[in-house]
Amino acid sequence: MLERHQVVAVQDSDPDAVADASSWGVPITASVEAALSADRIDLAYVFSPHHEMAAVCMELIKRGVPFVVEKPAGLNLGELEAISIAAQRAGIAATVPLVQRNAPIDNWLQQVGEISYERFSFIAGPSSRYLHNGSPWMLDPAKAGGGCLVNLGPHFVDLALQHLGHDVSSIQKRSSDLHGERVEDHATVVLSSSTGREAIIEVGYAYPSSPLKRYCSFTAAGANGFASIDTDGSARFTDQQGRTHEENIDVDSDPLYADFVKLVDETAASGFEGLPTLEDLVKAMRIIWNDQREDAI
């Protein structure tokens with residue numbers, strides 16, 4: 001962040017949760033209005049709890065400040081659509097860190113050419129980690145807007161929409177049996193296109209606390225062959241002649257956010273041209289929140 005931006009203020013409703021930012025030598029406040037009173041605000045990053053995101057984004061739009069907003073950008077599709085429409089009407093540039101686009105996983109799967117089938121499985125650590133990392137609100141559906149599907153699913157639903165096309169219908173299954181929390185800890189979404197293509201997306205909080213952080217696997221089949229990636233990064237591509245090429249790629253998503261900040265900096269003057277938009281997030285969240293209205297964005 002500091003390599004690309006000059007930070008002028010940090011806001012969190014619980015300032016103690018961002019105490020580490022004190023080393024940046026900037027004001028830390030619980031008030032959005034106080035944070036936005038700082039001079040020279042050219043860009044804002046919105047990583048607020050989900051139930052605060054809509055109000056923060058609307059205030060930024062009102063003040064004419066371009067912004068980056070973490071998914072899901074609200075508690076429900078109505079809030080997200082309102083932000084998207086307001087930003088469009090006001091001509092305010094906004095982007096969303098859907099960081100798996102053009103990342104190593106995406107690039108490896110794209111080797112198969114036109115994708116006809118793919119499967120994403122991303123199982124993160126237990127939901128209890130949110131009780132210890134300063135984000136207990138993630139386990140409150142009234143503040144989070146959902147569980148693992150809202151939290152982990154947008155990246156992979158977005159990829160599937162990019163790969164299959166946007167004319168998809170969805171089937172969903174969710175459960176919260178593993179940990180007994182009020183939010184689901186496992187979810188599966190099946191996307192089917194009108195042309196017969198299919199994507200299966202599985203996310204969850206079923207992995208134990210471990211330095212490995214997660215289980216993940218990804219596969220895709222297409223005109224050029226079949227690609228797969230495992231938790232340890234071992235990746236294989238087998239072409240239609242049966243020849244297999246193997247590599248090891250980085251499946252950790254954490255470094256992708258630093259790369260995204262660089263892209264934000266490089267595209268700020270063009271209104272984040274080429275980066276994911278609020279409209280892209282609406283399309284993904286419409287599936288996740290299971291809203292199939294024909295008039296939705």
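Above this note sits the structure.
Figured I'd write up the structure that's included with this text. Everything quoted here is computed from the prediction, not taken from an experiment.

What counts and what doesn't
Residues numbered from 1 in each chain as written. Predicted model: local features only at pLDDT ≥ 70, side-chain atom pairs only at ≥ 80, totals over all residues. Heavy atoms only, no water. Buried < 20%, exposed > 50% of the residue type's maximum accessible area, 1.4 Å probe, protein only. Helix = DSSP H or I, 4+ residues; strand = E, 2+ residues; numbered from the N terminus. Contact = heavy atoms within 4.5 Å. Pairing = 2+ DSSP bridges.

1. Focus on helix α9 (residues 278-288)
Part 1: Buried residues dominate α9, accounting for ten of its eleven residues.
Part 2: Every buried residue of α9 is accounted for by Leu-278, Glu-279, Asp-280, Leu-281, Val-282, Ala-284, Met-285, Arg-286, Ile-287 and Ile-288.
Part 3: Where α9 is buried, its residues touch β4 (67-69), α3 (77-90), β5 (94-95), α7 (148-164), β7 (168-175) and β8 (186-193).
Part 4: Among the residues trailing α9, Asn-290 stands out with phi positive, at a value near 60 degrees.

2. Considering the pairing of strand β6 (residues 115-124)
Part 1: β6 sits mainly inside the fold: seven of its ten residues count as buried.
Part 2: Where β6 meets strand β10 (residues 214-222), nine bridges bridge the pair, whose relative direction is antiparallel. Looking at the pairing, Tyr-117 lines up with Ala-221 of β10.
Part 3: Sheet topology places β6 next to strand β9 (residues 198-204); seven bridges connect them, and they run parallel. Residue pairing across strands places Phe-122 opposite Val-203, the latter belonging to β9.

3. Regarding the sheet that holds β4
By definition, the strands of a sheet pair up through backbone hydrogen bonds, in either a parallel or an antiparallel sense.
Part 1: Overall, parallel pairing links the three strands, which are arranged β3-β4-β5 in an open sheet. Of all the strands in the sheet, just β3 (44-46) and β5 have a single pairing partner and so form its edges.
Part 2: Sheet topology note: the β3/β4 ladder contains three bridges and is parallel. Counterpart to Ala-44 in the pairing with β4 is Phe-67.

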